[in-house]
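# Structural overview for review
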Amino acid sequence: MHSIIQLFVRHGGLLTLVVLQVVCLYLIASYNAAQRQVATASWVKYSGDVMDWKTRLYDYLDLRDENNRLRSENARLQTLLINARMGERPAVDTFSLRREPSDSASQKIVRPEYTFIPARVVSNSIGGRNNWMIINRGSRDGVQPNSGVITADGLAGIVRYVSEDFSMVMSVLHRQTRISAAVKHQAYFGSLLWDGENPQKMVLSDIPYHLKVKPRDTIEISHYSLMFPEGHMAGIVDTAYRVDGSNFLHIDVRLSQNPAGINNVYIVNNKFSAQLDQLQQAVKDE
Amino acid sequence: MNSSNIFPNIYRFIGLVAVQVIILSQVSLAANNYCNILLYPLFILFLPIEIATPLAVFLGFLVGLTVDLFIGTYGVNASAGALSGYSRAIILHQFAPRGGYSSKEPIPTPQYFGWRWFLNVAAIFFAVHIFWYFAMAYFTPVYLVGKILPQTILGWFLTMIVVVLYTRIFHPKV
């Protein structure tokens, strides 16, 4: 209270002036036709700017929530996209009595093959011989071991160990990583692996030497892969040459997703992995 | 303000508002509102020098509002009056004689400080007031160069003539 009185003693004239000017501005803008028009026009003009500014501020403050929302949305859309590519096939019975157009949704059986769980990388390494990363989704979120982990641009790794809230992901930069991949539009497929040298490159092996592979050809996930969605971009060919005395090409692949810059990832759940495992087990037992 | 100088100020208040409303506002109407002679701020200028600034600001607001109520420009003169109450304190502080003001000089008039001093103070005081008056009357910076500044200069010139006449005729001392 004392300081308020002090303030008034020192700046009382200015305070009185400000208060009275506000009163005057109100009077002028309310009771004078010409000035009211000016005030209204200015209000319309500048309130738009102020609102715009306010919206941008709020957008900025909501960026984190918005990012989370977009990640979930992306996961949902990726699910739709890849399922459309993979799981849609015509109905078996083409001799339908109802004679609906053949492309109508009711005549197709959609077989969703993959679901995607959005996640963020909380820890990552690229310097060692065998690299790991940790992501912030675990068994509680439905993550299962041996699921592929991708980014929008390329590959991230394979889930190996799952805790309740986190998962340990074997990076693509790991000596044990083997990912089934192919040169786009070519029938043959090979294994994508890391030779422990350049953290931005992997090697595609087992591609027969008679295939014509040029630099900048696209390398994508092959349709034999169980962990990763078919056709997902993996990288581009850097160099391809035949190793002396071998029937296969040595293809250096520049990864489309730089492993050092991984942040937002999607965990790929193959809905049929259990069935496929079961079938493979059955063969093993024989 | 004490009882010895409160009445001269009340008379000035009534007299200057009356002159402004009855005579000078008609002049400005006749000139199609292009030139305005604003004499009533002399009431603010001739308040006692030692008056507290907040009171001067409030009295400036009050005299301006009274003129507004008669003329129908609600708030325009009140805003300029309040500003003049404040600017007067700054101007008088800048033009303070060596050793400051004393009780021998109750109000800032030529009788105590000389014409040269008075014309300097009044020129700045009325320039501020008249500029702010036109700024509030047009209420937009769009007209600043085209209308507000030229009308301020014209109004200021005419007003200063009337101010000198008033001061010559009445010789206000308290």
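Refer to the structure above for everything that follows.
Note that the structure is a prediction, hence the values are computed from the model and not measured.

Chain A puts 15 residues into the contact, and the matching count from chain B is 18 residues. Going through the elements one at a time, α1 (2-31) and α2 (33-61) of chain A are the ones with two or more residues in the side of chain A that touches chain B. Of the residues that constitute the side of chain A that touches chain B, the class distribution is nine nonpolar, six polar and no charged.

A few words now on unusual backbone geometry. Residue and element names in this part refer to chain A. If you check the backbone angles, N146 has positive phi at about 65 degrees while not being a glycine. Its location among the elements puts N146 in the loop between β4 (132-135) and β5 (148-150). A residue is classified by how many C-beta atoms lie within 10 Å of it, and N146, with 14 of them, is partly exposed. Even without glycine at this site, D206 takes up a positive phi of about 70 degrees. Within the secondary structure layout, D206 lies in strand β10 (residues 201-208).

Between its terminal C-alpha atoms helix α4 (residues 273-285) of chain A stretches 18 Å, which fits the 18 Å expected from 13 residues at 1.5 Å a residue. With respect to burial, α4(A) is a largely exposed element, only zero of its 13 residues being buried.

With antiparallel pairing, six strands are arranged side by side around a closed barrel as β8-β9-β10-β13-β12-β11 (chain A). Averaged over all neighbouring strand pairs, the angle between strand axes comes to 40 degrees, with direction disregarded.

On to the pairing of β4(A). Residue and element names in this part refer to chain A. Side chains of β4 alternate between two faces, with M133 and I135 buried and W132 and I134 left unburied. Pairing geometry for strand β3 (residues 114-124) and β4, over three bridges, is antiparallel. When the sheet's bridge partners are listed, V121 is paired in β4 with I135. Bridging between β4 and strand β7 (residues 167-171) involves four bridges; their strand directions are antiparallel. Each bridged residue has a counterpart across the sheet, and for I135 the counterpart in β7 is S167.

Attention now goes to the sheet that holds β7(A). Taken together, six strands build a closed barrel; the order of strands is β3-β4-β7-β6-β5-β14 (chain A) and the barrel is antiparallel. On average, each strand axis in the sheet is tilted by 45 degrees relative to the strand beside it, whichever way the strands run.

Now for the pairing of strand β6 (residues 155-162) of chain A. Residue and element names in this part refer to chain A. Counting buried positions along β6 yields six of eight residues, so the element is predominantly enclosed. Both β5 and β6 contribute to a ladder of three bridges, which runs antiparallel. The residue bridging V149 from the neighbouring strand is G157, located in β6. A loop of four residues connects β6 with β7, the two strands running antiparallel in sequence.

Let us look at the packing of α1(A) against α2(A). Residue and element names in this part refer to chain A. Between α1 and α2, the shortest axis-to-axis distance is 5 Å and the interhelical angle comes to 100 degrees. Relative to α2, α1 is oriented roughly perpendicular. In contact with I28, A29 and S30 of α1, α2 contributes Q35, R36 and A39. Looking at the contact of α1 with α2, its residues break down into three nonpolar, two polar and one charged.

Conventions and cut-offs
Residues numbered from 1 in each chain as written. Chains lettered and ligands numbered in written order. Predicted model: local features only at pLDDT ≥ 70, side-chain atom pairs only at ≥ 80, totals over all residues. Contact = placed C-beta atoms within 7 Å. Helix = DSSP H or I, 4+ residues; strand = E, 2+ residues; numbered from the N terminus. Nonpolar A, V, L, I, M, F, W, Y, C, P; charged D, E, K, R; others polar. Buried ≥ 20, exposed ≤ 12 C-beta atoms within 10 Å, placed from the backbone. Expected span 1.5 Å × (residues − 1). Pairing = 2+ DSSP bridges. Axes fitted to C-alpha atoms, helices over the stretch in contact; angles between N-to-C directions. Parallel < 35°, antiparallel > 145°, perpendicular 65-115°, else oblique.

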